[in-house]
Each structure stands twice: as structure tokens, then as C-alpha cells.
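Fold and contact review
Spelled out from the first residue to the last, the chains are:
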Amino acid sequence: MKKNLFSLAQINGFVKDKQNIFIPLFSLTIFLISWEFICNLELINPLFISSPSRIFKAAIWLFKNGFLHDIKVSAIEYSLGLFFAIILGIPAGIYLGWYKTLELIFDPFITALYATPRVALLPLLILWLGIGINSKIAVVFLGCVFPILVNVMTGIKTVDSTLLKCARCFGANDFQIFTTIAIPGSIPFIIAGMRLAVGRGLVGVVVGELVASSAGIGHMMSIAGATFQTDKLFVGIIVLALSGYILTELLKFIEKKFERWRM
Amino acid sequence: MFKLQAQAISIEYSQSVKNKFFTAVDQVSFNIKSSEFVVIVGPSGCGKTSILNAIAGLLPITSGKLTIDDKDITGPGRGEQPFIPTCSMVFQSPALMPWRNVLDNVSYGLELQGYSRQKRYQKAEKYLHLVGLSKFQQSFPHQLSGGMQQRVNLARALTVEPSLLLLDEPFSALDALTREYMQEELQRIWLEINNTVVYITHLIDEAIFLADQILVMSASPCTVKDIIKVDFPRPRSLDLKHQSEFNQLKNQIWNLLKTESIFY
Ligand SMILES: Nc1ncnc2c1ncn2[C@@H]1O[C@H](COP(=O)(O)OP(=O)(O)OP(=O)(O)O)[C@@H](O)[C@H]1O
Ligand SMILES: [Mg+2]
């Protein structure tokens, strides 16, 4: 059969060639081997770029010496911050999108806080909440809540007005309009907000821990950085990169579930 | 007794300027009998949609009297329990819910009224059959063509079995050929259910083809310029559009509307 170059399924990215798994795997292997090679030949000082084998050793050492605890602390900070952002951001977004007066009341604060880099608030948060996990939860929360809130608000506000009229004609009450039109209609917006939030939360955790902390991935990295332990720094970077990757894939998966909810 | 009665109704919109009102509809009166197909034609922006919204109870009238079955229209949710909608609306855009399949879209009105799933699907299937979309029950709106979506929209309005059906330029987004086909379809469906219809259009020949009675409106503010009876026998075929009586009527309405054009 002739291969259709522009089949709709391919454009939508539904079809994945099996080969496609091997190409990135191959490029990654080449990259790691050359990295190791450059270090072994001492072309560049390993103090700057480390090497895969050194990183591996450092990782083993770290995991034997309490790195899991650091990861746990960061994970708790991150998930609690994100959790509070979701349970507050979604209902608040719905209310603000639905009631114009509420939006007008809160608009200046939301706009100001959304525009401020959240990490700029860190010194203040540390002053208030200490260098423990609370200040990190707060900074993750602040990073996550606004993208979610603003997106949900937009979702509620852009509900199809013709559809609203149609529902009203059928005698729908406010609650029914809420559950059958407003909420499902804003699902794509909620997901879009979540996608922004997931990234910002990660930034919040790391920067928060780098600035001042007593445990966490960022804490380990700030010590390793100050004592020129490049290998450990790379372990931290890799753990963070992996977390970001897993979270993004998870969201993509959720997004696919709601694919047909989009226009 | 009339199904729908408007006695000198006016509709005003408040404008951003303080204490200024814009009169969209001015002292309009008309009577519509039960099972009558009434078409409203008029220049763009004259206030046709406003009238339809007022009939649906979505927009308050500022003076006059507007009644369905001799009862004042007070709002879309009339507080009666269980609420039985007397009218349903079909708009220019299909406005379907993209996250629901065709069957769930069509049975939406009954769902709001608390019908059981089985009952509402039964009725939805009946009206989907009537609009010729039985095979597409499980499809999602984005999988349908524009004409099919508009037929789903029509089926959604019909499923609640309204005694009054309001259509606001339902076929204006369709191409000329589909449009003619849909006009014929609508006539066929209407002859089957025989409820009262108020239909808004820009096209004079569409109006004549469908109507028992045409209300010709003047430019803003909207007043009734003339009421024209159309009594070609039904079912009408599209060939009617080439007959001389049809064209005479078309010229008559055209002459009425010509002087109302904003470009005139
Ligand atoms: N929400 C509103 N607020 C203020 N003025 C409005 C509003 N809706 C409509 N109008 C005004 O009322 C007039 C009539 O509008 P309407 O939508 O009823 O016209 P129409 O006859 O349906 O036009 P068209 O054929 O283009 O759909 C217009 O001049 C419009 O500017
Ligand atoms: Mg209109």
C-alpha cells in the first residue's frame, strides 16, 4: 500500500514509528560515550564537566548517604505546593470567571502577583516561614496557583454564549449550567494551566532550596557547588531533569485522555 | 386564540453612556397562530434576533405585551416544576458540546429535565432519525460536516418537543446547495411534527419557500413594515422557486426591503 504522507493521524501525532525509539537511544549513547572519552583523554578538566562514570559513582555514594531523604523532602515540598495550588486555584478560577464583581475585586492582586517573579518573594517567605519546608511549599504554591487560576478563569469566561442560551431555553438552572457546560468546557484550560504550573513548581523548589534550606535536592546541590563537587551537581541535575520529564509525560497522558474535549 | 402574540412590544438596550437607551425594537405587533410557519425578514441589525430572544424569555421587553398561549413570558426558567420548555432555539452556529457525542448532545434538553437515560435516548434516536443522522449517534461533533452539525443542532431543539420552535438564521453558515437541501428537509420535518415555527432569515427566496406568513421588518428601530401571506400548497418543491408567482412575491418583498437598506 502506498504510504500517505499527510495522513491526519500522523499530523495529530497519533502514530509513532517503532524505529523512533531507537534513534534517540542511539544518539544518547553516542553522546555519553564521547563525553566519557573526552574526560578520559583529559581534553577538558573533569572538574568542569565531570563524566558519566564519575557521575554514576557519585550517584551510588549519594544514594548510600541519605540522598533519598533529600529527594523525599523536595518531593514533599513540590507535591504539597502543587496540591494546594490545585485545590485552591481551580475553585477560585471558577468563581472569579463566573462572577464579574469578584474578578474586579481580585484582578489587581492577581495581575501583580502573576507578573512578579515568584522567586523575588523568596526572601520574604523565608523570613516568614523559616528555611524549612514551609517556605518551599509556599513558593511552589505561588508559582503554581496563578497559571491554574488564570487559565480556569479564562476557560469559564470563554464558555460558548450560544450554548448558554440554548441551555437556558431548556430551563437549565445555574448549577446545571455549571456542571454540564462551564466545568467540562474549561477542562482543556485547566490542563493548560497545569502544564505551566508543573514547570514553575519545579523552578520554585530548586531555587527555594538553593537560596536557603536544610535539606532537599537543591540543598545538596548548593553544598556540592560550593565545594567544587561537580559529579554530585550533575547527579542533582539529572534527577531534576528526570522528574521534569516524567511529570511532562504524565500530563501528556492526561491530556490525551481529554483529547476529544477540545474543539 | 393565538399561539404567540406581540402587542406593541419594544426592546431597549442600555448603552454605556449614562441614562441613554437604544431602541432596537419599536412598537412591534404580530399574531402567530398555532402550527403556523412564520418567517421574519429584515435588514441586518434591525432587531430580529432581539425579538426572538424576547420570545425565548432570554431578553426582557421594555413595554408592550408578549404572550405564548395567552401567558406572559417572564423568563426562560419559568419556575414551574417540572419545567416544561415551550420553546427551543436553533442558532446560526451549531453550538454543540465538543465533549459529548451526537446522542448525548441531542438528548441534552431532556437530561436537564431529569429524564432517565433510557427515555431520553429513545426520544433522541427518534429525532436523529428524522434529521437523517441515525448512523452518527456515537460520532463527536468535530467528526461531522457543517451541515450535519446544524442538523444535530436542529434535532437537539426538536427532542424536547417544543410547541414553539425558534430558528435564528440556522442555515446561513452553509453553502448554497446544502442550504437549499436543508430548506426542503426542514419543511419535511415540520410537516411531520407540525408545531409553530418562527424563522429568521436574510434570504427572500428562503423566506417565501418556507413561510405561511412573512413579517417584513424595517431598519433599526425595528417595526413591522408589512405582513405577507404565502399560500403555495405544501409540500413545496424547490422547483417552486422558478415559478412566476414566486418571483412576483420575491420582487414585492425586495421592493419593501430595498428602501430599508442601510446603503440606500
Ligand atoms: N447586547 C446588546 N447591547 C446593546 N445593543 C445591542 C445588543 N444586542 C443587539 N444590540 C443592538 O440592537 C440592534 C438589533 O440587534 P439584533 O441582533 O436584534 O439584530 P438582527 O436583526 O438580528 O441583525 P442580524 O440580521 O445582523 O443578525 C442592533 O443595532 C444592535 O446594535
Ligand atoms: Mg441576528
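Residues numbered from 1 in each chain as written. Chains lettered and ligands numbered in written order. Predicted model: local features only at pLDDT ≥ 70, side-chain atom pairs only at ≥ 80, totals over all residues. Heavy atoms only, no water.

The helix and strand inventory of chain A stands at twelve helices and zero strands. In summary, chain A has a C-alpha radius of gyration of 23 Å against a globular reference of 18 Å for 263 residues, an excess of more than 25%. The C-alpha extent of chain A, read off along each of the three principal axes, is 75 × 65 × 30 Å. Total accessible area on chain A is roughly 15,500 Å²; 73% of this is exposed by carbon and sulfur atoms. Across chain A, 22 positive and 14 negative side-chain charges occur, with their mean positions spaced 5 Å apart. (Helix = DSSP H or I, 4+ residues; strand = E, 2+ residues; numbered from the N terminus. Rg over C-alpha atoms; globule rule 2.2 N^0.38 Å. Areas by Shrake-Rupley, 256 points an atom, 1.4 Å probe, with all protein chains shown as cover. Lys, Arg positive; Asp, Glu negative; His and termini not counted. Charge placed at Lys NZ, Arg CZ, Asp CG, Glu CD.)

A few words now on the pattern of salt bridges. What the rule picks out here adds up to 14 salt bridges over all chains. Between Lys 241 of chain B and Glu 180 of chain B there is a salt bridge, and its shortest N-O distance comes to 2.9 Å. One end of the pair, Lys 241 of chain B, is in the loop between β10 (224–229) and α8 (244–258); the other, Glu 180 of chain B, is in helix α6 (residues 176–193), and 61 residues separate them in sequence. Exposure remark for Lys 241 of chain B: the relative accessible area of 9% places this residue in the buried category. Within the structure, one salt-bridge network assembled from shared partners comprises Lys 100, Glu 103 and Lys 157 of chain A. (Salt bridge = Lys/Arg side-chain N within 4 Å of Asp/Glu carboxyl O. Buried < 20%, exposed > 50% of the residue type's maximum accessible area, 1.4 Å probe, protein only.)

In terms of domain boundaries, chain A breaks down into domain 1 (2–43) and domain 2 (55–257). Taking only C-alpha atoms, the centre of domain 1 of chain A and the centre of domain 2 of chain A are 30 Å apart. (Domains from an automatic or database assignment.)

Turning our eyes to something else, we now look at the side chain of Ser 51 of chain A. Residue and element names in this part refer to chain A. Its location among the elements puts Ser 51 in the loop between α3 (46–49) and α4 (52–64). Take Ser 51: its relative accessible area is 2%, and that puts it in the buried class. What Ser 51 contacts, discounting residues up to four positions off in sequence, is Trp 35, Glu 36 and Cys 39. (Contact = heavy atoms within 4.5 Å.)

Further remarks concern the packing of aromatic side chains. All told, the structure shown has eleven aromatic pairs over all chains when counted by the stated rule. Ring centres 5.3 Å apart and planes at 70 degrees place the aromatic pair Phe 63 of chain A and Phe 67 of chain A in the edge-to-face group. Judged by relative accessible area, Phe 63 of chain A falls into the partly exposed class, the value being 38%. Its relative accessible area of 1% is what places Phe 67 of chain A among the buried residues. Here the basic side chain of Lys 241 of chain B rests over the ring of Phe 209 of chain B, its NZ or CZ set 5.3 Å away from the ring centre. (Phe/Tyr/Trp six-rings, centres within 6.5 Å; stacked < 30°, edge-to-face > 60°. Lys NZ or Arg CZ within 6 Å of the ring centre and 35° of its normal.)

All names here are of chain B. Bridging between strand β1 (residues 4–14) and strand β4 (residues 63–68) involves five bridges; their strand directions are antiparallel. Across the sheet, Gln 5 pairs through a bridge with Thr 67, a residue of β4. Pairing of β4 with strand β5 (residues 71–72), which is carried by two bridges, proceeds in the antiparallel orientation. Its bridge partner being in β5, Thr 67 is matched across the sheet by Asp 72. (Pairing = 2+ DSSP bridges.)

This part is about the sheet that holds strand β6 (residues 87–90) of chain B. The pairing of strands in a sheet comes from backbone hydrogen bonds and takes either a parallel or an antiparallel form. Residue and element names in this part refer to chain B. Taken together, the six strands give an open sheet; going across it, the order is β6-β7-β8-β3-β9-β10, and neighbouring strands pair in mixed fashion. Both edges of this open sheet fall to β6 and β10, since each of them pairs with a single strand only. Within this sheet the neighbouring strands show an average axis-to-axis angle of 15 degrees, counted without direction. Bridge count between strand β3 (residues 37–41) and strand β8 (residues 196–201): five bridges; the pairing is parallel. (Axes fitted to C-alpha atoms, helices over the stretch in contact; angles between N-to-C directions.)

Turning to the pairing of β3 of chain B, a few remarks are in order. Residue and element names in this part refer to chain B. Of all five residues that make up β3, five are buried, and the element is covered over most of its length. Residues of β3 alternate between two faces, with Phe 37, Val 39 and Val 41 on one and Val 38 and Ile 40 on the opposite face, all of them buried. In terms of strand pairing, β3 meets strand β9 (residues 213–217) through four bridges, oriented parallel. Within the sheet, the bridge partner assigned to Val 38 lies in β9 and is Gln 213.

Residues and elements named next belong to chain A. All of the buried residues in helix α11 (residues 217–226) are Ile 217, Gly 218, His 219, Met 220, Met 221 and Ala 224. On its buried face, α11 is in contact with α4, α5 (67–98), α10 (174–211) and α12 (230–257). Positioned one or two residues after α11, Phe 228 has a phi angle of 60 degrees, which is positive.

All right, on to the packing of α10 of chain A against α12 of chain A then. Residue and element names in this part refer to chain A. Two elements in contact, α10 and α12, have axes whose closest approach is 10 Å; the angle formed by their N-to-C orientations is 170 degrees. Regarding the angle of α10 to α12, the classification is roughly antiparallel. Along this stretch, α10 crosses α12, giving a crossing that reads as right-handed. Counted together, Ile 191, Met 194, Arg 195, Val 198, Leu 202 and Val 206 of α10 and Leu 240, Gly 244, Leu 247, Leu 251, Ile 254 and Glu 255 of α12 form the full contact between these two elements. (Parallel < 35°, antiparallel > 145°, perpendicular 65-115°, else oblique. Left-handed = near helix turned anticlockwise from the far one by under 90°.)

Glancing now at the confidence of the model for chain A. Residue and element names in this part refer to chain A. For chain A, the average pLDDT comes to 86, and 91% of its residues sit at 70 or higher. Averaged pLDDT values over the elements of chain A bottom out at 50 in helix α1 (residues 8–11) and peak at 93 in α5. Predicted confidence is poor over residues 1–6, with pLDDT under 50, and the contacts of this stretch with residues over four places away or in other chains come to five contacts. (pLDDT = per-residue confidence, 0-100.)

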